[in-house]
Amino acid sequence: MLTAEQIKENWERFREEIDMYFPTRNTKLHAMYDDLEDRIVLMPASSIAHFHNAFAGGYVDHILRVTHCARVLHNIWEQQGSDMSGYTMEELMFAAMHHDLGKVGFPGEGNEVYQVETSDWHRKNQNKMYRHNENIPFTMVPDLSIWLLQEYDVKMSWNEYQAIKIHDGMYDDANKPYYVARSAQAKLKTNLPIILHHADHMAAQIEFERWRNSQNASPKPVAEKSKVQKSNGLKNLAENNPDVEKTLTDIFSAFNQD
Ligand SMILES: [Fe+2]
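Residues numbered from 1 in each chain as written. Predicted model: local features only at pLDDT ≥ 70, side-chain atom pairs only at ≥ 80, totals over all residues. Heavy atoms only, no water.

## Here we look at the overall build of the chain
Secondary structure summary: the chain contains twelve helices and two strands in total. Looking at the chain residue by residue over its 258 residues, the buried ones come to 48%. Of the contacts made within the chain by residues no fewer than 6 positions apart, 68% connect residues no fewer than 24 positions apart. A total of about 13,400 Å² of accessible surface is found on the chain, and carbon and sulfur atoms cover 51% of it. (Helix = DSSP H or I, 4+ residues; strand = E, 2+ residues; numbered from the N terminus. Buried < 20%, exposed > 50% of the residue type's maximum accessible area, 1.4 Å probe, protein only. Contact = heavy atoms within 4.5 Å. Areas by Shrake-Rupley, 256 points an atom, 1.4 Å probe, with all protein chains shown as cover.)

See the structure below:
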């Protein structure tokens, strides 16, 4: 769980990282995120509690964790003597920040991927906190990530495109030809996709463990121990029958305190 203040802080950090890492593309990226902001700030990273970050603000929290893990793993590979000359830090950060962008859905009202699951049975028996919007086309997440970037006129390099496209590694059979090369020529020219895949896996595993440990925690999960009372609406969104209107009020007030 995240408090409204944590969600706000994550979003501000997310926007700052755009300026920090993408100085020539930040204007178009900010325009895209301005358009998607209302949805992306609150959306989860997955729909099932035991997957990862299936709560309000979970997406941005996941992305920030992946970018951090990617930087750490890049340094470890470099320290161990790997040839890091094939890509730039900007490319690694761009791929990390946008690998899951497709989870936001399509632009426009009502075209989100995740909708709050209101069935108590599904929430309690399947840990299903969100359901997928049945009114938008089915897509693989990387495909929609790339489509959205071109839709908002954000250019990307081949390294960035390839890393986003195959970031699920061998979990997606379609990626196999890139990872199981039969010749030296066919091998990946950079380690960027491997590092992003490992960073994503690491982040998702950490997020799962946090959820798992919160189930056994005593007396209460982190959000409930917080002194910040404004988190109640967000807690409701993820844990009980959702009170979306109250949640939005909490977020609004947190964002309007500046
Ligand atoms: Fe991810």
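## Focus on helix α2 (residues 26-42)
At L36, α2 is deflected by roughly 75 degrees, the largest bend along its length. Listed in full, the buried residues belonging to α2 are N26, L29, H30, M32, Y33, L36, R39, I40, V41 and L42. (Bend = angle between axes of the 7 residues up to and from the residue.)

## Some points on the coordination of the iron ion
Around the iron ion, the donor atoms from the protein are H62 (NE2), H99 (NE2), D100 (OD) and D200 (OD), and they sit 2.2 Å away. When the donors of the iron ion are listed by position in the chain, the intervening gaps give H-x36-H-D-x99-D. Here H62 is found in helix α3 (residues 58-79), whereas its partner D100 is found in the loop between α4 (89-98) and β1 (114-116), with 38 residues between them in sequence. Both residues of the pair, H62 and D100, belong to the buried class. (Donors = N, O, S within 2.8 Å, 3.2 Å for Na, K, Ca; no water.)

## Some remarks on unusual backbone geometry
Most peptide bonds take the trans form, and the phi angle of most residues other than glycine is negative. Residues other than glycine seldom take positive phi values, yet N53 does so here, at roughly 45 degrees. Note that N53 resides in the loop between α2 and α3. Residue classification places N53 among the buried positions, given a relative accessible area of 5%. The residue D153 is not glycine, and still its phi comes out positive at about 60 degrees. Owing to a relative accessible area of 45%, D153 belongs among the partly exposed residues under this scheme.

## Notes on helix α1 (residues 4-21)
Between its first and last C-alpha, α1 extends 26 Å over 18 residues, near the 26 Å set by a 1.5 Å rise per residue. Along α1, the positions that sit buried rather than exposed are A4, E5, I7, K8, N10, W11, F14, R15, E17, I18 and Y21. (Expected span 1.5 Å × (residues − 1).)

## Here we look at the side chain of K103
As for its position among the elements, K103 is in the loop between α4 and β1. Under the relative-accessibility criterion, K103 is labelled buried at 13%. At a separation of 2.8 Å, a polar atom in the side chain of K103 contacts the main-chain carbonyl oxygen of A45. In contact with K103, not counting residues within four places along its chain, are M43, A45, H52, Y59, V113, Y114 and V141. (Polar contact = N/O pair within 3.5 Å; in protein donor to acceptor, adjacent residues only side chain to side chain.)

## Structural notes on the side chain of E112
Residue position: E112 is located in the loop between α4 and β1. Buried within the structure, E112 lacks any salt-bridge partner; its nearest side chain of opposite charge belongs to R39, at an N-O separation of 4.5 Å. At a separation of 3.1 Å, a polar atom in the side chain of E112 contacts the side chain of Q115. (Lys, Arg positive; Asp, Glu negative; His and termini not counted. Salt bridge = Lys/Arg side-chain N within 4 Å of Asp/Glu carboxyl O.)

## Looking at the packing of aromatic side chains
Counted under the stated rule, the structure contains nine aromatic pairs. Centroid distance F14 to Y33: 5.0 Å. Interplanar angle 85 degrees. Geometry classified as edge-to-face. Placement of F14 in helix α1 and of Y33 in helix α2 is noted, with a sequence separation of 19 residues between them. Ring centres of Y114 and Y130 lie 6.2 Å apart, and the angle between their planes is 70 degrees; this geometry places the pair in the edge-to-face category. (Phe/Tyr/Trp six-rings, centres within 6.5 Å; stacked < 30°, edge-to-face > 60°.)

## Observations concerning the packing of helix α6 (residues 141-151) against helix α7 (residues 158-165)
In contact at an axis separation of 8 Å, α6 and α7 are set at 145 degrees when each is read in the N-to-C sense. Contact residues: P142, D143, S145, I146 and L149 in α6; Y161, I164 and K165 in α7. Here the contact of α6 with α7 is composed, by residue class, of five nonpolar, one polar and two charged. (Axes fitted to C-alpha atoms, helices over the stretch in contact; angles between N-to-C directions. Nonpolar A, V, L, I, M, F, W, Y, C, P; charged D, E, K, R; others polar.)

Geometric descriptors of this kind do not, in isolation, establish any biological role.
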